[in-house]
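Below, each chain spelled out in residue letters.
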Amino acid sequence: MERGKHMESIPTDLILEIFARLPSKSVARFRTLSKHWASTLRSPEFTKLFLSRSSTRPRLFFAVERYGYNEWHFFSSPQSQNRYEKSAHLDFHSKFSGDVSQYSLSYASGLIYFPVVRINGTDTIVICNPLTGMYVGLPELMKYSRSKGFLGFDPIDKQFKAVEIDYASILTLGSGELKWRVKDRNDIPRPLYHRFPWTQGICINGVLYFLAKSYLSETVSLIVSFDCSSEEFKFIEAACLDDHIEDPTGLILVNYMGKLGVTNCKCVDAGGRRTVELCMWVLEDVEKLEWVKYLYTLPENEVLASCEFSVTGVTATGDIVLCVKYTCKPYYVFYFNPGKKTLQTVEIQGFGAKLEEVDNRGEVFAYVDYVEDLSLNDATQLNSSISHIKSLCSCSEKLPNNVGEEV
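About the criteria used
- Residues numbered from 1 in each chain as written.
- Predicted model: local features only at pLDDT ≥ 70, side-chain atom pairs only at ≥ 80, totals over all residues.
- Heavy atoms only, no water.
- Helix = DSSP H or I, 4+ residues; strand = E, 2+ residues; numbered from the N terminus.
- Buried < 20%, exposed > 50% of the residue type's maximum accessible area, 1.4 Å probe, protein only.
- Areas by Shrake-Rupley, 256 points an atom, 1.4 Å probe, with all protein chains shown as cover.
- Pairing = 2+ DSSP bridges.
- Axes fitted to C-alpha atoms, helices over the stretch in contact; angles between N-to-C directions.
- Phe/Tyr/Trp six-rings, centres within 6.5 Å; stacked < 30°, edge-to-face > 60°.
- Patch = residues over 30% accessible without salt bridge, like charges linked within 9 Å, V, L, I, M, F, W, Y side chains within 5 Å.
- Salt bridge = Lys/Arg side-chain N within 4 Å of Asp/Glu carboxyl O.
- Contact = heavy atoms within 4.5 Å.
- Arc of directions from axis to C-beta.
- Parallel < 35°, antiparallel > 145°, perpendicular 65-115°, else oblique.
- Left-handed = near helix turned anticlockwise from the far one by under 90°.
- Nonpolar A, V, L, I, M, F, W, Y, C, P; charged D, E, K, R; others polar.

Let us now look at the overall build of the protein. Assigned secondary structure in the protein consists of nine helices and 26 strands. Within the protein, the proportion of its 407 residues that are buried is 51%. Just so you have it, the protein exposes about 20400 Å², and 49% of that area is on carbon and sulfur atoms.

Spelled out as structure tokens, the structure:
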């Protein structure tokens, strides 16, 4: 059969439906076939359709720091949809090189914020899209050496905002020139200047939260909130967390069904058996500062009780997810259902031999309900300074010449 003859044209709507079910990397490759495909697969209609389909198949996102090599590896895997799943395979997305030791990352709606990256002896604030490997460096900012920064997302105006706690500096991505704005001191709660963030922070429905330590009082737990739309800072009293004031490192902020939650896990010996207790405080009413405490004893699990782990988050369906803290083989993720009191163990495969070796293991930072969003692949806020980033970044996965395109 001669090419093109006797072939009925496929309706455009059907073509879009087919492509909307593919992984984002496949869509990125098909965009390079022709100008027609690029225009079709970059259209707002397709981008919206892809996001709606992607939202029905949430994933776990893994950012892995490889010790001693100044490398970050980014992966994702299917998030368990039923309790019978026993294994899942990782998809590798990109790798980032740069010294970020002693500084944690911040994640929001698909982008990652590194408060300090040391590249060629220079400290730079970097935001990257781990799905595509695209980066942008932010302008230099005056801050203390122990400063932490966070990334939030405003779902109303669809804007990402970087927030540095020192001097309450704010930067909006995609608003033209990248420029820090410093809040007027009269608009900031005075104690903010005496706080040091304990936690990585989490953005829930456009509000960024992090647990803070006061230099004025060592006995009061406070949570700082930042509204990404109004850019207002507020304090939330959390006296229920005061018992953990001396060692807050085990406190993890989570999105519990759209509400702020704080979790803490510990292993306890019960009759000669090692079990895991999980405590979660949920802020049921922000105005009344009403916290509700939940305490769970997880079902016995030999693997979980014998490894280092941490709470990753809570899925949209209410499962509390725990992950092994360091890469290893085998590597596991655990799904605890509070209602059914069930604990599901899923083996995650695909970190690769280097990360699975004991001497080369990496620390895992995991996030639940990760959704592939093609609008981030084309984010102009990441293209604006890409030439600057090309001169700073050293990636073992070499960036192509047309670095503005998806990798």
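Still to come is the rest of the account.
In a beta sheet, neighbouring strands pair by backbone hydrogen bonds and run either parallel or antiparallel. Spatially, four strands are ordered β4-β2-β1-β26 in an open sheet, and the strand pairing comes out antiparallel. Each of the sheet's edge strands pairs with one partner strand only, and the pair in question is β4 (91–97) and β26 (362–370). Recorded for the sheet is a direction-independent mean angle of 20° between the axes of neighbouring strands.

A complete count under the given rule lists 23 aromatic pairs for this structure. A centroid spacing of 5.1 Å and a plane angle of 80° characterise the contact between Phe19 and Phe30, whose relative ring orientation is edge-to-face. Taken together, the residues span a long stretch of sequence, with Phe19 in helix α1 (residues 12–20) and Phe30 in helix α2 (residues 24–30) at a distance of eleven residues. Relative accessible area serves as the criterion here: at 10%, Phe19 is assigned to the buried category. Classification of Phe30 as partly exposed rests on a relative accessible area of 32%. Aromatic side chains Tyr256 and Tyr294 sit 6.4 Å apart centroid to centroid with 40° between the ring planes, which places their arrangement in the tilted category.

Glancing now at a nonpolar patch on the surface. A cluster of nonpolar side chains, namely Ile10, Leu14 and Ile18, defines an oily patch on the protein surface of about 280 Å² accessible area. Within the secondary structure, Ile18 is located in helix α1. Since its relative accessible area comes to 45%, Ile18 is described here as partly exposed.

With that settled, the discussion passes to the side chain of Ser54. Checked against the element boundaries, Ser54 lands in helix α4 (residues 44–54). Among residues more than four places away in sequence, those in contact with Ser54 are Val371 and Glu372.

In the segment running from Lys329 into Pro330, the intervening peptide bond is cis, with an omega of 0°. Relative to the helices and strands, Pro330 resides in the loop between β23 (320–324) and β24 (331–337). At Lys158, a residue that is not glycine, the phi angle is positive and equals roughly 55°. Structurally, the position occupied by Lys158 is in the loop between β9 (149–154) and β10 (159–164). Phi at Asn205 takes a positive value of approximately 50°, unusual for a residue other than glycine.

Let us look at α4. Three or more residues of α4 are buried, namely Phe46, Thr47, Leu49, Phe50 and Ser54. In a view along the axis of α4, the buried residues occupy a sector of 165°, so they form one face of it. For α4, exposure combined with an orientation more than 90 degrees from the buried face picks out Pro44, Glu45 and Lys48.

Our focus in this paragraph is the packing of α1 against α4. When two helices pack together, their arrangement is given by the angle between the helix axes and the distance between those axes. Contact geometry of α1 with α4 gives a least axis separation of 9 Å together with a crossing angle of 45°. Classed by the angle they form, the pair α1 and α4 counts as oblique. Of the two elements, α1 crosses α4, and the hand of that crossing is right-handed. Every residue of α4 that contacts α1 at Asp13, Leu16, Glu17, Phe19 and Ala20 is listed here: Glu45, Phe46, Leu49, Phe50 and Arg53. A breakdown of the residues in the contact of α1 with α4 according to their chemical character gives six nonpolar, no polar and four charged.

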